Each structure stands twice: as C-alpha cells, then as structure tokens.
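# Residue-level structural notes
This is what each chain is made of:
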Amino acid sequence: MSADNGFEPTIIGFLCNWCSYAGADLAGGSRKKYAANVLPIRVMCSGTVSPHHIVKAFQMGADGVLVTGCHIGECHYMKGNYMTAKRIPVVKELLGFIGISPDRLMLDWVSASEGEKFARVVTEFSDKIRSLGPSPLKGRVHGRVKEESQASA
Amino acid sequence: MYLEVMDGKVTGTLPSMNHPISEGSLCIKGWNAHEPVHSQKRLTKPLIRKDGVLTEASWDEAISNVAGELARIRDQYGPNSLAVLTSAKCTNEENYLLMKLTRAVLGTNNIDHCARL
Amino acid sequence: MEELKKKVKQALEEGKIHGFLGLKADEGDISPFFMTKDNIAELEKLTAPDGRYSLGKILSRIAAQNPGKAIGVMVRGCDERAIIELTKASQLGTASTVQFGVACTPQTAEKCNCPQPYPSTIDFGEKAKSVNHGELLTKLEQMSVEDRLAYWMAQFDKCIKCYGCRNICPVCYCQECTLEDKNLVPGGIVPPATPVFHFIKAMHMADRCIDCGLCEATCPSNIPLRTIYRHMRKVMQELFDYVPGRAADDKSPLGTLEEGGRLIH
C-alpha cells in the first residue's frame, strides 16, 4: 500500500484508565509487538472524551483518533461508556458529513486482560489509517493551508 | 438593528429581520453594540491631561482647549499637519459633519474612517 | 388577529398572565415586544408577520426576571419547538408559559422552508402545508468525502465569526460558550478555526436543533448552516429515534447515561 512513500500515521489514542490503559500495559508487559503509531492519552473514562477532544486532535494534525474503553456493562463508573457508545457514532456521522472520513475515528472496547486485543486493535487501525493516507486537515493552520497563509502574510 | 431593553438597561442586540439592506444579518460590531452602553470603563466626562495627570474638566473647558490646540497646530505647522479619524460608532450624519469640519474648518483632506484601518 | 388581541387582553386583565411576548409592527418594522397590563395599548400593534425572531430565547430572559409568574407568548411552530427544548433544559426556571398559537401563512412557510409551520394549538391563522426542500442535503450526501470537505471548507472560509448563528439560535442558552474557548477556537483569527468552530456548533446542535433556520437566515456570509444541522437531526432520528422539539418529556440520548440506539458491543 502507501508504505512505499514512507507515510507513518499519527494516531491519538484515548485510553480509559481502568481497562484499556491497563490493557495497553499488559500488551507491553507481555512483549506483544504492535504498531507504534498510537500516542496514548489516559483518561479516567471513555465517556469523558468529548467530541471537542476528537476534533481538536484532527485539527492538530492527527491522522486518526482511537477511543478505547471498558466493555459495555463493565464500566467502572457503571454507565460511563454508554455515553461513549452513543456519542461516537454521532461524531462519526458529523465527521463524514463535513468531509473527514469517519473511518479515521474508531471506538473499541479493550479490557485490562486483553493485551493481545489491544495490540491487534492498534495494528489494524494503524494499517487502516496508513491505507487512507494523511489527514486532509494536515498542514492547515486554523483550517487554511499553510503555504496560502504564508503567501498572503 | 434593535436593542433589547430590560428594566431600563440595554441587555442585547437583535438584527432587524425585515430590513431591506441587512436582511436580518449583523456583523460582529453590530451584535455587540449593546456592550459598551453600560460599561464601567465608559468615558462619561471630559478629561484633560494636566501635568501628566488626567483631570476631570467641564465640557466648555475641554472643547475650547481642543479647539485652541487645533487652531494653534494649524497656524503653526499648516493644515496638513492635522488628521482626523472618525468612528463606526458614529451615525452617518455625524461622520458627514466631521468630514465638513475637517475639510472646511481645519482645511485638510486628512480624514479617514476606522473601518479602513 | 382582532380575536387574538382580545384573547390576550382578557388573559392579562384576568391576571392569567403577567405579561405577553409577541411581535409588533411599527411603521413597517417588525420587532419583538413584551408588555404587561400597564401598557396594554401596545397590544394594538400585535401582528403575525413574515419576519421571525427567536421568541423562545427572549422568553427565557424574561422568565429569568419573572420567576414563578405566568407569561403569555405568541408561538409559531418553531417557537413552540424552541420552548419545548428550553423547558427540557430548565431554561425557563419556575416561570410558566401560556401559549397563543399562530399558524404561518403558506408564503412564510415557503420562505422559511418549514416542515411544520404551525403549533399544536392554533389561535390565529390556518395550517399551511409543510415545506421541505432538501436538495442541497441530498446533493451533499451523494458527494464523495473529498468533495464534501472541499465544499464545506469553502463555505467555512466565508465565516466572519460574528457569532450571529449562536446569538440568534433559540436553543443556544449556555452562559459560557465553547465557541469562545481559546483552546479550541484561537482568538483574533478570521475565519475561525475551520472546521472546529462549525463542528462544535453542529455537535451541540445534534440533540437540540429545532430546525427553525434562523441561523442560516441571519448569517451574513450565507453559509448553509441549516443543512448541517438538518443532517444531524436526521442522524439522531436514525440512530436513536430522537427528534428535538417533539415532546417536553423526551430525553436527549446524548444527555443521559441510559442505554439507547445502536450500542456497539
């Protein structure tokens, strides 16, 4: 695929403190090999990941955003991930409608014991973003293409 | 443009929806037109800088001071040493009068509007 | 109209309502007005014109000043939906409303592209046919993702950040607005951070937009904002069977921790 041109995606990963971050820890601890494209950000619950965080990540040049949380029914705040499950599809729809491929945003559930799954999810998502290419928002300053704003300055 | 008034205080701005020119739109200055009205920072009395300190003055004193200074500068350095900047917060008519004052009284064409800054 | 004026007057005199909020015509200029028993003569100017204002928003400010009182308000289809949303969000406080329904004329309905140009109870006017032009929405939905991005970026670049869409919106009530957050939308730059600025607004509109179209009507740059919000309404209906402004006891799926819609397991 586009591995030829050496494109390595930057992916922001929002990992919930109780399950997914521990899952990532386990993946590392058990020396699972997985793509190094995800920059993890630990959040207390996937339900706290606001659409603002996601769109800000894209604005700052992320090629993809991965949100992982506890499985439904296993949230440490009882129902926090219900919020995530409802919110992410809406965010995806809006991203798609504005013109950012909804495939660039991914939600999955990874529990603390699923180190292997975490490695698999990250690798698969990285491959997918690699095939999608760089984010169309990359290189824009406040939405404008960099060269343009420099030329006008 | 409409100003929303509640208990004698201006609280908000609304565009005029059936105005033939603006057609219900306002620019950012228009939308915030109500904000300076009750602002604490608003200048309500003329101040003259005396020995480096701004001191309250009467309107008569302030106006004769300004007129005197303008006349002095005009006579000493010529009318083109003066320039006037008008404001978007003034009405059309006020801006027109200021233009007349600048050209006919001060004798210079150096007049511009803040919207062109 | 005379009958409606009489009704309002009676309600005021009987003390059923403390004041009345409606639209008036003053030498051809249409503006909202609020009156009480003390200036009952104002009522003569009451009108149901082509022009619209977000009466719901003005009502919420009046309600804040008059806790516990009943306030009469002239409502069209859109105003009624706005008041439902504001009630859900506890923006009317302890004030109650007495609504006087006004159905829009077919011309107004056409101009506003309004799918429901009448309130649930009508005191004046006749139900006009619903209008629903969605050509742009259909066209955009059929475009490729790349073309859509190009389209919206060109539209968003026209934005002069006047905040008019937020100021006029009957269901935008927050005291502190995310659109003024310096981290998300850096200050002093026009057009504002694209597409973040419009993305945030659209995300907040998803479970609130009552499709009145005032945002688009007031936009000095003619950005087709309503099309985005209409798409979000559609999404909310498809995913959660939720329609903002439908009923006061509905709960937004994005505002509650309950299970709902297509949960991803």
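Residues numbered from 1 in each chain as written. Chains lettered and ligands numbered in written order. Predicted model: local features only at pLDDT ≥ 70, side-chain atom pairs only at ≥ 80, totals over all residues. Heavy atoms only, no water.

Turning next to the interface of chain C and chain A. Listed by partner, the interface residues are 47 residues for chain C and 33 residues for chain A. Carbon and sulfur atoms make up 74% of the surface buried where chain C meets chain A, a total of about 3600 Å² over both sides. On the surface where chain C and chain A come into contact, there are 0 salt bridges. Breaking the side of chain C that touches chain A down by element, the ones donating at least two residues are helix H5 (135-142), helix H6 (145-156), helix H8 (196-205) and helix H10 (225-240) of chain C. A total of 8 residues in the side of chain C that touches chain A trace back to one element, the largest contributor, which is H10(C). Residues belonging to the side of chain C that touches chain A are distributed by class as follows: 31 nonpolar, 10 polar and 6 charged. (Contact = heavy atoms within 4.5 Å. Buried area = accessible area lost by both parts, 1.4 Å probe. Salt bridge = Lys/Arg side-chain N within 4 Å of Asp/Glu carboxyl O. Helix = DSSP H or I, 4+ residues; strand = E, 2+ residues; numbered from the N terminus. Nonpolar A, V, L, I, M, F, W, Y, C, P; charged D, E, K, R; others polar.)

Residue and element names in this part refer to chain C. The domain architecture assigned to chain C consists of domain 1 (2-112) and domain 2 (135-240). Once you take the C-alpha centre of each, domain 1 and domain 2 turn out to be 27 Å apart. At the interface, 12 residues of domain 1 touch 16 residues of domain 2. Interface area for domain 1 against domain 2, summed over the two sides, is near 1100 Å², with a carbon-plus-sulfur share of 54%. For domain 1, the biggest contributors to the area lost against domain 2 are Arg52, Lys57 and Glu85; these three give 40% of the whole. Seen at the junction of domain 1 and domain 2, the total is 0 salt bridges. Across the contact surface, domain 1 and domain 2 share 8 residue pairs in polar contact (both at pLDDT 80 or more). A per-element tally of the side of domain 1 that touches domain 2 places helix H3 (residues 77-88) first, with 5 residues. Tallied by class, residues from the side of domain 1 that touches domain 2 come to 6 nonpolar, 2 polar and 4 charged. (Domains from an automatic or database assignment. Polar contact = N/O pair within 3.5 Å; in protein donor to acceptor, adjacent residues only side chain to side chain.)

Below, the discussion takes up a nonpolar patch on the surface. All names here are of chain A. Together, Trp18, Met44 and Tyr77 line one region of the surface with nonpolar side chains, adding up to about 310 Å² of accessible area. Looking at the secondary structure, you find Trp18 in the loop between strand E1 (11-16) and helix H1 (20-29). With relative accessibility at 37%, the residue Trp18 sits in the partly exposed group. (Patch = residues over 30% accessible without salt bridge, like charges linked within 9 Å, V, L, I, M, F, W, Y side chains within 5 Å. Areas by Shrake-Rupley, 256 points an atom, 1.4 Å probe, with all protein chains shown as cover. Buried < 20%, exposed > 50% of the residue type's maximum accessible area, 1.4 Å probe, protein only.)

Attention now goes to the pairing of strand E4 (residues 53-56) of chain B. Residue and element names in this part refer to chain B. Sheet analysis places strand E3 (residues 47-50) next to E4, joined by 4 bridges and oriented antiparallel. Within E4, the residue paired with Lys50 across the bridge is Val53. The hairpin turn running from E3 into E4, its antiparallel successor, is 2 residues long, and Asp51 in that turn takes a positive phi close to 50°. (Pairing = 2+ DSSP bridges.)

Turning our eyes to something else, we now look at the interface of chain B and chain C. At the interface, 16 residues of chain B touch 23 residues of chain C. Interface of chain B and chain C: buried area, both sides summed, is about 1500 Å²; carbon and sulfur atoms make up 59% of it. Of all residues in chain B, Met6(B), Met17(B) and Trp31(B) give up the largest surface area on contact with chain C, accounting jointly for 38% of the area buried on that side. At the surface where chain B touches chain C, the tally comes to 1 salt bridge. Salt-bridge contacts for Glu4(B) lead to Arg61(C); the nearest nitrogen and oxygen are separated by 2.3 Å. Linking chain B with chain C are 7 residue pairs in polar contact (both at pLDDT 80 or more), by the criterion used here. A per-element tally of the side of chain B that touches chain C places strand E1 (residues 2-6) of chain B first, with 3 residues. For the side of chain B that touches chain C, a count of residues per class yields 9 nonpolar, 4 polar and 3 charged.

The subject of this paragraph is helix H1 (residues 2-13) of chain C. Residue and element names in this part refer to chain C. For H1, built from 12 residues, the straight-helix expectation of 16 Å at 1.5 Å per residue is met to within 8% by its first-to-last C-alpha distance of 16 Å. Buried residues of H1: Leu4, Lys5, Val8, Ala11 and Leu12, and no others. All buried residues of H1 project into a common sector of 130° when viewed along the axis, lining one side. More than 90 degrees from the buried face of H1, the exposed residues found are Glu2, Glu3 and Lys6. Lining the buried residues of H1 we find strand E1 (19-26), strand E2 (29-36) and strand E4 (96-101). (Expected span 1.5 Å × (residues − 1). Arc of directions from axis to C-beta.)

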